Amino acid sequence: MKLLIEIGTEELPAIPLLKELPNISKKWEKILQEYHLESEFKFFYTPRRLVFMHENFKEKQDDSFVEFIGAPKAIAYKDGKLTQAGLSFLEKSGLKEEELGFKEIKGKEVLYCQKQVQGLQSKVVLPQMIEAFLKSLSFGKTMRWGDGCFEFIRAIRSLCCVLNDELVEFESYGVKSAKSTFVHRSVSYDLIAFGNVDEYFKILEQNYIILDQATRKAIILDQLKALENENGITIAEDDELLAEVVAITEYPKALLGHFEKEYLEIPSEVIITSMRENQRYFAVFKDNALSNHFVVVSNAVCEDYSKIINGNERVLRARLSDAMFFWKNDLAQGLNNDKISQMVYLEGLGTLKDKITREQKIATKLCEVFANTQKDEILKALEYSKADLSTQMVYEFTDLQGIMGSYYAKAMGMSDELALAIKEQYLPNGDNSAMPSNEFSSIVALACKLDTLMGLFSIGKIPSGTKDPYALRRAANGVLKILLALNKNFDLKMFLEAISSEYKSFDHKILLDFILERLYTFYEVNASFVKAVLCSKTYDVIYIDSCIKALIQSASKTDFNQNFATFKRLANIALLSDVQVDESLFNTQEEKNLYQAFLQCKNQRHNTQELLENLFALKPQIDAFFDKVMINDKDEKIKNNRQALVCAIYCEFLKIADIKELSL
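Please read these numbers as outputs of a predicted model, since none were measured by experiment. (Residues numbered from 1 in each chain as written. Predicted model: local features only at pLDDT ≥ 70, side-chain atom pairs only at ≥ 80, totals over all residues. Heavy atoms only, no water.)

**Side note on helix H8 (residues 268–279)**
Across its 12 residues, H8 extends 16 Å between first and last C-alpha, which sits within 8% of the 16 Å expected from 1.5 Å per residue. A positive backbone phi angle near 60 degrees is found at arginine 280, which sits one or two residues after H8. (Helix = DSSP H or I, 4+ residues; strand = E, 2+ residues; numbered from the N terminus. Expected span 1.5 Å × (residues − 1).)

Structural data, given as structure tokens:
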């Protein structure tokens, strides 16, 4: 049986819709499972509808069984009569006393009943399923309508549920279901009726609704490619913008517009941001430079699109005119720190000027750690790093902070390297973000992120659950990525302690763990590998990275499982102590062989990978030791000496990872 469900709404805002999009099909699948009506389906969306299409939907639910488990028999009966617990079970299960049964569960005989539940007709439960699905969706902010009685991301204007070409009648959100749908507004504002599912799809197609979002995306991409070929241009690839455009169009048409060349004097980032964020225009390039053109994807249906192009050109011209005014005014004033000394950063952390002062102190220590000789220039970059927050351009386009500062710094005659550091101070700022391009910029960015983390943790602004309003997880990721890219030894624990005097006292271990926990997302490996290394209490980021990679490489070898089993056994036996190995107390060849092999392994100069391989090479001697030697000897000195040998090997392995934490 075919099942069509359509929820018709007023225009859905693109960004909230796209955020919830990965969950929509999953939530419908969950509803199907809960109601025992699992079946394959396709999901479609346009700005004004959410649609599910099942080609083979069940006519009725599968029959199922329900188990009732009650109190133990000794509690259900007292003196041969049912207690209140027993009577409650009768009421819950709908049984008579003579129908009571018992079953042994976890060693106890308890009241038990299994009843078959007849499946209901699909048309009976579909209204409940649809309403449950709608209530499960989470778009963030919602709107209310109908005297505030109904709440959804946007007002629901139509409902349609057709099973086997028959309407499933119900009412939800103040709307009665009907075999009707909205078509493109260029055709009609009224609902149009249809007779069956096939006719539904035909009506949409004939009235300029491209229901399949994948088809709309393909059409837009084809149109963009055609514009490129016809005009000798390159249209910027922008997956996020493309997804938004797909979400706000039902019948897309890509159009090429232009603006006056004089506006190209404005930094390209400003023009692109204005077009993208405010108008959802695609930027256009020609001869590897930003062109005075743009692409707008219209949702209109008409023969002559010139008025639409002209209208969009007028809107963009006004925005670029404002941007030109801001640009020239900001250039005339230059970067000025006077205003930021009055701008509060966060309560408890002073002003932005105070933040810069702390960042400069951090940068001074970073220069010492990295033996960087450009301290004065780095401190100057930090001095002006936040000055663009007081400019008109950044006030209008907040995403351009740092970027605009670099332009103004160059205009003031500052060096290219200094201007670049101002531009890159917030990098990396996402999973796929670019990194600071050199050590100079990296130190500036590190100082910024470390102050943010230390400052926020010192005043108790610690992320909990999924909440992270100050993007501290992103800052921690950035710290680790920069340190790994620099590839220089850096003891994170020691450094946090070294800069702690600038902040209110707090437990640094909380922040240290918070930063290092980000490493779990850095490697495609069993999480226990990362945990084992972190449990070794090593805080040098580069060394941690080398240990994790060494484990990963060793795990790819065929003998890893055997090596792991031997060393896991050794680790479980090892008792940490200060007892030193006394070679004169050895009285078996196996312990002598193991000790000599261990000394040779320990005394060799090697990197992390070689150390791990050399330790694993001790497997034959360790196995022989376990097979032939009794560790718990009657002689206390011999016993302690053998335990010390096992402990010494375990402690050497502990320099890489705590093998007790590894799980395969």
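**Section: the pairing of strand S11 (residues 156–163)**
Buried residues dominate S11, accounting for seven of its eight residues. Across seven bridges, the pairing between strand S1 (residues 3–9) and S11 is antiparallel. Pairing of leucine 3 across the sheet is with leucine 163, part of S11. Pairing geometry for S11 and strand S12 (residues 166–167), over two bridges, is antiparallel. By the bridge assignment, leucine 163 is partnered in S12 with glutamate 166. (Buried < 20%, exposed > 50% of the residue type's maximum accessible area, 1.4 Å probe, protein only. Pairing = 2+ DSSP bridges.)

**Quick word on the packing of aromatic side chains**
Evaluated as defined, the whole model comprises 30 aromatic pairs. Relative to tyrosine 173, the ring of phenylalanine 152 lies with its centre 6.1 Å away and its plane at 65 degrees, an arrangement referred to as edge-to-face. Taken as a pair, phenylalanine 152 in strand S10 (residues 150–152) and tyrosine 173 in the loop between strand S13 (171–172) and strand S14 (175–176) lie far apart in primary sequence, 21 residues in all. Tyrosine 173 matches phenylalanine 152 in its accessibility class, with the two residues each being buried. (Phe/Tyr/Trp six-rings, centres within 6.5 Å; stacked < 30°, edge-to-face > 60°.)

**With respect to the sheet that holds strand S19 (residues 282–286)**
Pairing is antiparallel across the open sheet formed by four strands, whose spatial order is S17-S19-S20-S18. Among the strands making up the open sheet, the edge pair consists of strand S17 (234–235) and strand S18 (253–258). The pairing of S18 with strand S20 (residues 289–298) spans six bridges and is antiparallel. Note on S20: the bridge partner recorded for leucine 256 is valine 295. Along the sheet, helix H6 (residues 213–231) contacts S17, S18, S19 and S20; its crossing angle with S18, the most-contacted strand, is approximately 35 degrees. Against the sheet, H8 contacts S19 and S20, and its axis sits at roughly 5 degrees relative to S20. (Contact = heavy atoms within 4.5 Å. Axes fitted to C-alpha atoms, helices over the stretch in contact; angles between N-to-C directions.)

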